[in-house]
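Commentary on secondary and tertiary structure
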Amino acid sequence: MKLGSAALGQYIKKSDPKASTTEGPLNMLIHGEVGSGKTWCARTLEKYGPILFLNLDQRRLSTFKDLPEGLVTEYRFGNTLDDPYSFQAADSLVTTLAAEKGQEWGSIFTDTLTSLGIAAMNDVLEIAGRHGQFPFENDYGPQMSRIEHFVFMISAFPVKHFRVLTAHDNLVKDELTGSFMQTLLVTGQLKKRMPGFFDEVYFAERTGEGDKAKYQWITRQNRQTVARTQIPGLEERIPQDFNFVMEKFKASS
């Protein structure tokens, strides 16, 4: 159905290009290898609560154990990572919470895009009556649509400060150059489309071991990593600290 000009008016919004906010919210995609601090960094959101934590990884975390009681509301979905209804449960919860009146969230943290992809595929296979089997080629299109829909919801979720999504990485070799690139562990073209939902895309890096380990975010793309920042003057490597990012963001606005 084609809409007339009058009906289309409700879909057109004029914005002020000079308007800015020094409080956010900032949409951030943080990706990296296991043990690089992707989830642990959520502890630095303490000043930006209440925090809604969507634990799609199903892991029991110690990330928030020392933070004030009531600051973090954590949800898990299903009984296992392969639960056929975990995606529907997560989708329903986010839709419900986004529409709630009277609840003001400071930040939303979703862990991880990789587990979201598994949940989305389980949903596709369950609806097709093939849960627990290997997916067919034509299952990946519906899976990607579900992932994109969910990421769109959390990237527009009503919060005051931060919307954060974490993702695992996949090391891919360029057959022409022989070099390796850290890319998002997600299906097909979503590797390229996912960063478009976010203002800031950081690669989580750990160097050293044990007490000498150093955790940083890489904020600019290089030959090995996908990264991007829209904060003027932000250093290429910064601490894994949301306070640091917000201070830089406010200073640039």
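For the structure, see preceding data.
Rules used throughout
- Residues numbered from 1 in each chain as written.
- Predicted model: local features only at pLDDT ≥ 70, side-chain atom pairs only at ≥ 80, totals over all residues.
- Heavy atoms only, no water.
- Helix = DSSP H or I, 4+ residues; strand = E, 2+ residues; numbered from the N terminus.
- Buried < 20%, exposed > 50% of the residue type's maximum accessible area, 1.4 Å probe, protein only.
- Contact = heavy atoms within 4.5 Å.
- Areas by Shrake-Rupley, 256 points an atom, 1.4 Å probe, with all protein chains shown as cover.
- Salt bridge = Lys/Arg side-chain N within 4 Å of Asp/Glu carboxyl O.
- Pairing = 2+ DSSP bridges.
- Axes fitted to C-alpha atoms, helices over the stretch in contact; angles between N-to-C directions.
- Parallel < 35°, antiparallel > 145°, perpendicular 65-115°, else oblique.
- Phe/Tyr/Trp six-rings, centres within 6.5 Å; stacked < 30°, edge-to-face > 60°.
- Lys NZ or Arg CZ within 6 Å of the ring centre and 35° of its normal.
- Core = buried A, V, L, I, M, F, W, Y, C linked by side-chain atoms within 4.5 Å.
- Left-handed = near helix turned anticlockwise from the far one by under 90°.
- Nonpolar A, V, L, I, M, F, W, Y, C, P; charged D, E, K, R; others polar.

Notes on the overall build of the protein
A tally of regular secondary structure across the protein gives six helices and nine strands. A burial count over the protein gives 45% of its 253 residues as buried. Once local pairs closer than 6 in sequence are excluded, the contacts in the protein between residues at least 24 apart make up 65%. Just so you have it, the protein exposes about 14,000 Å², and 52% of that area is on carbon and sulfur atoms.

Things to note about the pattern of salt bridges
All told, the structure shown has nine salt bridges when counted by the stated rule. Close ionic contact of Arg130 with Asp139 constitutes a salt bridge, the shortest N to O distance being 2.8 Å. Each member of the pair Arg130 and Asp139 is classed as buried. For the salt bridge of Glu236 with Arg237, the shortest nitrogen-to-oxygen distance reads 4.0 Å.

Comments concerning the pairing of strand S2 (residues 51–55)
The buried count for S2 comes to five of five residues, which makes it a mostly enclosed element. Residues Ile51, Phe53 and Asn55 of S2 are buried on one face, and the alternating residues Leu52 and Leu54, pointing to the opposite face, are buried as well. Looking at chain direction, S2 and strand S3 (residues 72–76) are connected through five bridges and run parallel. The residue of S3 that forms the bridge with Leu54 is Tyr75.

As for the packing of helix H2 (residues 86–99) against helix H3 (residues 113–127)
As a packed pair, H2 and H3 sit with axes 7 Å apart at the nearest point and diverge in direction by 110°. For the element pair H2 / H3, the angle class is roughly perpendicular. Taking contact as the criterion, the partners of Ser86, Phe87 and Gln88 in H2 are, on H3, Leu116, Ala119, Ala120 and Asp123.

Concerning the packing of aromatic side chains
For the structure shown, the criterion picks out seven aromatic pairs. Look at Phe53 and Phe109: their rings are 5.4 Å apart centre to centre, the planes differ by 15°, and that puts the pair in the stacked class. Separated by 56 residues along the polypeptide, Phe53 in strand S2 and Phe109 in strand S4 (residues 105–111) bring together distant segments of the chain. We classify Phe53 as buried; its relative accessible area is 0%. The buried category is assigned to Phe109, whose relative accessible area is 0%. Site record: aromatic cluster; members linked through ring pairs are Tyr48, Phe162, Tyr202, Trp217 and Phe242. Cation over ring: Arg130 sits above Phe136, and NZ or CZ is 4.0 Å from the ring centre.

Some thoughts on the environment of Ile30
Assignment of secondary structure puts Ile30 in strand S1 (residues 26–32). The class of Ile30 is buried, set by a relative accessible area of 0%. As for Ile30 and His168, which are separated by 138 residues in sequence, their C-alpha atoms are 8.8 Å apart. Once residues within four sequence positions are removed from consideration, Ile30 is found in contact with Lys38, Cys41, Val164, Leu165, Thr166, Ala167, Tyr202, Ala204, Trp217 and Phe242.

Quick word on the nonpolar core
A general feature of soluble globular proteins is that nonpolar side chains tend to end up buried together. Formed by 34 residues in total, the largest nonpolar core has its most connected members in Leu54, Leu113, Leu116, Ile147, Phe150, Val151 and Phe157. Mapped by element, the contributors of at least two residues to this core are S2, H2, S4, H3, helix H4 (140–155), strand S5 (159–173) and strand S6 (180–184). With six residues, H4 is the single largest residue contributor to this core. In contact with Phe157, other than residues within four places in its own chain, are Leu52, Val94, Leu97, Ala98, Trp105, Ile108 and Arg163. One finds Met28, Ile30, Leu67 and Met246 within the second-largest nonpolar core, a separate group that totals 25 residues.

Section: the packing of H2 against H4
At their nearest, the axes of H2 and H4 sit 10 Å apart, and the two run at 25° to each other. Classed by the angle they form, the pair H2 and H4 counts as roughly parallel. In the packing of H2 onto H4, the handedness of the crossing is left-handed. Counting all contacts with H2, which are made through Phe87, Ala90, Asp91, Val94 and Thr95, the residues of H4 involved are Arg146, His149, Phe150, Met153 and Ile154. When its residues are assigned to classes, the contact of H2 with H4 shows six nonpolar, two polar and two charged.

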